[in-house]
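In case you want the letters, here they are:
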Amino acid sequence: PIIEDSCEATHSSGFSGSSASVASTSSIKCLQIPEKLELTSETTDSPTQSPWCSQYHRQLLKSQPELSTSAEFFVEDRPMPNLEIEKEIELDNEDYCIKQEYPLCEDHKLLWVTPRNSAELTIIKVSSQPVPWDFYINFKLKERLNKECDNLCRWYQYQDGCIVWHQYINCFTLQDLLQYSDFMTHEMTVLIIYNLLTMVEKLHKAEIVHGDLSPRSLILRNRIHDPYDCNKNNQALKIVDFSYSVDLRAQLDVFNLSGFQTVQILEGQKILANCSSPYLFGIADLAHLLLFKEHLQVFWDGSLWKLSQNISELKGGELWNKFFVQILNARDESTMSVLRELAAEMNRVFDTTFQSHLNKALWKVGKLISPGAFLFQQDMQSSFSQIPA
């Protein structure tokens, strides 16, 4: 059912502000993703197909007809509905009102929607290409991880695009949280990075590279909204955008690291030319963004890559120093091994005192990002916009 389209890569320069979870240069010699897998990226004269080419995605989807039998996948033989703020869209025989839009890039965006007469916000992701790549990646994650994969989604393919309906109630992105930097305590930052480490480890275990970890592609989950449930420390984040993900198991024949477009953050920094595990840089950059409110900057001290920022003055400075030294200097270690070690190190700080401080921080954040507060803010913005100049 997937419509034929051109073989243009779907990346856009609109990603210039996002955090890269994959970095590449022609000088990177070896990448180790899962422990059993090694990839080379030496340049060759023969052209290599882009792993994000919509035509290639279409061919890969067509070769696996079992995907279309999924109970969560629906083909709509019509154009996508009109998606504008305060307009309605029908999802599962119920009308939802669109409340807010977050552009992810030129071809993808997130929309916050709510049922009529309700404050229960959910998220839909909209793509302007009729190629359900997010569905493919999620299908493969569920297939390869089994119970480790938690997805409450429905996928709709239209003649001119796709919609992913994430059926998580009252979700907000990490980008929303970054707007309240005063509430980003040490404990909150540890919780978020711990979750990021465990999530990316699962992706690599399934031989999936995300390709563009950014604050807007990560939603806040159960642990954020339930500050007193310490058993949910591994349920604070969820990835909602897989537009630039690569399936290493299926795409090895077209894999060319020099084609990755998500290297803007570290572009020009010499660490790229000497790193064998650039898949970890997205996590390092997000941690740096949470701690210092700016993207990653590093320098070579003669033996190790280190942060340009002074980390010793931070609360938990010793923990963060160890984190950045290890993640920036992984060299020939497998990424899964590094991710496991870093997650274990983070998990050790979750003692009673830490949990108490974390619960207080989560309670404050929960008040800020509650659905009622969100909708009130939207109504206020709408009212101001109607006032004559």
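For clarity, every value in this text was computed on a predicted model and none was experimentally measured.

Thresholds, definitions, all that
Residues numbered from 1 in each chain as written. Predicted model: local features only at pLDDT ≥ 70, side-chain atom pairs only at ≥ 80, totals over all residues. Heavy atoms only, no water. Buried < 20%, exposed > 50% of the residue type's maximum accessible area, 1.4 Å probe, protein only. Helix = DSSP H or I, 4+ residues; strand = E, 2+ residues; numbered from the N terminus. Pairing = 2+ DSSP bridges. Axes fitted to C-alpha atoms, helices over the stretch in contact; angles between N-to-C directions. Parallel < 35°, antiparallel > 145°, perpendicular 65-115°, else oblique. Left-handed = near helix turned anticlockwise from the far one by under 90°. Contact = heavy atoms within 4.5 Å. Nonpolar A, V, L, I, M, F, W, Y, C, P; charged D, E, K, R; others polar. Core = buried A, V, L, I, M, F, W, Y, C linked by side-chain atoms within 4.5 Å. Domains from an automatic or database assignment. 1 Å grid on protein atoms, 1.4 Å probe; cavity = no way out; pocket = protein on both sides within 12 Å on 5 of 7 lines; lining within 4 Å. Points joined across faces, edges and corners; volume = space filled by probe spheres on them. Salt bridge = Lys/Arg side-chain N within 4 Å of Asp/Glu carboxyl O.

**A short note on the pairing of strand 8 (residues 153–158)**
Here is step 1 of the chain: Across the six residues that make up strand 8, a large majority, five, are buried.
Here is step 2 of the chain: Pairing analysis gives three bridges linking strand 3 (residues 73–75) to strand 8, with the strands arranged parallel. Residue pairing for strand 8: V75 is matched across the bridge by Q157.
Here is step 3 of the chain: Relative to strand 9 (residues 161–166), strand 8 runs antiparallel, the two being bridged by six bridges. By the bridge assignment for strand 9, Q157 is matched with C162.
Here is step 4 of the chain: Taken together, strand 8 and the strand that follows it, strand 9, pair antiparallel across an intervening segment of two residues.

**Looking at the packing of helix 6 (residues 281–292) against helix 7 (residues 317–328)**
Here is step 1 of the chain: It is the contact of helix 6 with helix 7, at a shortest axis distance of 10 Å, that shows an interaxial angle of 150 degrees. As the angle between them shows, helix 6 and helix 7 are arranged roughly antiparallel. For helix 6 against helix 7, the interelement crossing comes out left-handed. Of the residues in helix 7, those in contact with F281, I283, A284, A287, H288 and L291 of helix 6 are W320, F323, F324, I327 and L328.
Here is step 2 of the chain: Classifying every residue of the contact of helix 6 with helix 7 by side-chain character gives 10 nonpolar, one polar and no charged.

**Some points on the nonpolar core**
Here is step 1 of the chain: With 84 residues, the main nonpolar core has I193, I283, F323, F324 and L328 as its most contacted residues.
Here is step 2 of the chain: When residues of this core are assigned to domains, at least three fall in each of domain 1 (62–167) and domain 2 (172–369).
Here is step 3 of the chain: Residues within four places of F324 in sequence aside, it is in contact with A284, A287, H288, L291, L296, L307, I311 and N329.
Here is step 4 of the chain: Ranked by size, the runner-up nonpolar core spans 14 residues in total, among them L91, Y96, V126 and Y156.

**Details of empty space enclosed by the protein**
Here is step 1 of the chain: A complete count under the given rule lists five cavities of 30 Å³ or more for this structure.
Here is step 2 of the chain: The calculated volume of the largest cavity comes to roughly 150 Å³.
Here is step 3 of the chain: In terms of lining residues, the largest cavity is bounded by 16 residues, among which H108, S127, Q129, V131 and W133 are the most central.
Here is step 4 of the chain: Breaking the lining of the largest cavity down by element, the ones donating at least two residues are helix 1 (54–62), strand 7 (122–127), helix 2 (133–145) and strand 9.
Here is step 5 of the chain: A per-element tally of the lining of the largest cavity places helix 2 first, with three residues.
Here is step 6 of the chain: Considering only residue class, the lining of the largest cavity consists of seven nonpolar, seven polar and two charged.

**Examining the pattern of salt bridges**
It is possible for side chains bearing opposite charge to pair when their charged atoms get close.
Here is step 1 of the chain: Tallying each qualifying case throughout the model produces 16 salt bridges.
Here is step 2 of the chain: As a salt-bridge pair, K125 and D241 come within 2.7 Å of each other at their nearest N and O atoms. One end of the pair, K125, is in strand 7; the other, D241, is in the loop between strand 12 (237–239) and strand 13 (246–247), and 116 residues separate them in sequence.
Here is step 3 of the chain: With relative accessibility at 3%, the residue D241 sits in the buried group.
Here is step 4 of the chain: Between E207 and R249 there is a salt bridge, with the nearest N and O atoms lying 3.1 Å from each other. Of this pair, E207 sits in the loop between helix 4 (186–205) and strand 10 (208–209) while R249 is found in the loop between strand 13 and helix 6, placing the two residues 42 residues apart along the sequence.
Here is step 5 of the chain: Here E207 falls in the buried class, since its relative accessible area comes to 7%.
Here is step 6 of the chain: By sharing partners, the salt bridges in this structure join E88, D95 and R116 into a single network.

**As for unusual backbone geometry**
Here is step 1 of the chain: For E86, which is not glycine, the phi torsion reads 70 degrees and is therefore positive.
Here is step 2 of the chain: The topology assignment puts E86 in the loop between strand 3 and strand 4 (88–91).
Here is step 3 of the chain: On the basis of relative accessibility, which here comes to 47%, the residue E86 falls in the partly exposed class.
Here is step 4 of the chain: We note that E207 has phi near 65 degrees; this positive angle belongs to a residue other than glycine.

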